[in-house]
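Descriptive analysis of the structure
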Amino acid sequence: MQLHVTLDTRLEKVVSYIPQGAVLADIGSDHAFVPCYCIQQGLIKRAIAGEVNQGPKEAADGQVRLVGLEEEIDVRLGSGLSVLERGEADAITIAGMGGTLIATILEEGKEKLDGHERLILQPNVDAVDVRVWLLSNGYQLLSEAIVEENAKIYEVLVAEKGEEILYSEEERVRQKELRYGPQLMREKSPTFIKKWTEELHKREYILAQMRAGTDSEELKRKIQAMQAVIDEMMEVIS
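Rules and cut-offs
Residues numbered from 1 in each chain as written. Predicted model: local features only at pLDDT ≥ 70, side-chain atom pairs only at ≥ 80, totals over all residues. Heavy atoms only, no water. 1 Å grid on protein atoms, 1.4 Å probe; cavity = no way out; pocket = protein on both sides within 12 Å on 5 of 7 lines; lining within 4 Å. Points joined across faces, edges and corners; volume = space filled by probe spheres on them. Helix = DSSP H or I, 4+ residues; strand = E, 2+ residues; numbered from the N terminus. Nonpolar A, V, L, I, M, F, W, Y, C, P; charged D, E, K, R; others polar. Pairing = 2+ DSSP bridges. Axes fitted to C-alpha atoms, helices over the stretch in contact; angles between N-to-C directions. Contact = heavy atoms within 4.5 Å. Salt bridge = Lys/Arg side-chain N within 4 Å of Asp/Glu carboxyl O. Buried < 20%, exposed > 50% of the residue type's maximum accessible area, 1.4 Å probe, protein only.

What about empty space enclosed by the protein?
Under the criterion given, the structure shown has one cavity of 30 Å³ or more. In this structure, the largest cavity encloses a volume near 60 Å³. Leu 135, Tyr 139, Gln 140, Leu 141 and Tyr 167 are, among the ten residues lining the largest cavity, the residues nearest its centre. Broken down by secondary-structure element, the contributors of at least two residues to the lining of the largest cavity are helix H5 (127–136) and strand S6 (139–149). Counted by class, the lining of the largest cavity contains seven nonpolar, one polar and two charged residues.

Re the sheet that holds strand S7 (residues 152–161)
On the basis of which strands lie adjacent, the open sheet formed by seven strands has the order S3-S2-S1-S4-S5-S7-S6 and mixed pairing. The open sheet has two free edges, formed respectively by strand S3 (73–77) and S6, since each of these has just one partner strand. Recorded for the sheet is a direction-independent mean angle of 15° between the axes of neighbouring strands. Contacts from helix H2 (residues 33–40) reach strand S1 (22–27), strand S2 (44–51) and S3, with the element oriented near 170° to S2.

Describing the pattern of salt bridges
Counted according to the given criterion, the structure contains 19 salt bridges. Arg 10 is paired through a salt bridge with Asp 8; the nearest N and O atoms lie 3.9 Å apart. By relative accessible area, which is 30% here, Asp 8 ends up partly exposed. When the shortest N-O distance is used, the salt bridge between Arg 131 and Glu 144 registers 2.7 Å. Within this pair, whereas Arg 131 is found in helix H5, its partner Glu 144 is found in strand S6, the two being separated by 13 residues in sequence.

Nothing here speaks to function; it is all geometry.
What follows is the structure in structure tokens.
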């Protein structure tokens, strides 16, 4: 009997954006769970699972063998998108990393992107860095999602090359949209409100600590900057 792979809520949301019948590249594949699941569910034709280190690659190889999908899933060793040929994948998933690292992977490997692939990106933190990279490189943000699992909150960003820009033409508003997500800001789901309320409370605590510090011009500037962040967060969740 073949073993069936299951995914957590976070990765199920990521998978929900993969186009039917795609060739998938899963970068930083973590035991190749996403490719295995997608093949077993008949969602994709085949997959490439990329790992940067030998140990994780061997773990992914073992998982693929365990479920008998060696013909459909090619596990490759290499950094980021270097495991791909240009235009080889219809969909690329990068999940479970910091947003700064995801943006770096995309920037360092962008010669492997031909503009026809869908990018499905799940940064654990610093989603703003991913949005900035997408906007700077001509990718249209098709969808955003925010999910909570095990007391952690994750954002999922889905993008394709396109001319339509969802962001405001006003610079101040656009910067805010990049930080919080244009669609997420409009929808203001309970999970979105929870995430930014928690972030607000963290910064209010930091501000209180600052105010208790030794008075100086530098500290005054830091207090003013932190107060501006707090004010913006309050505006976003209101």
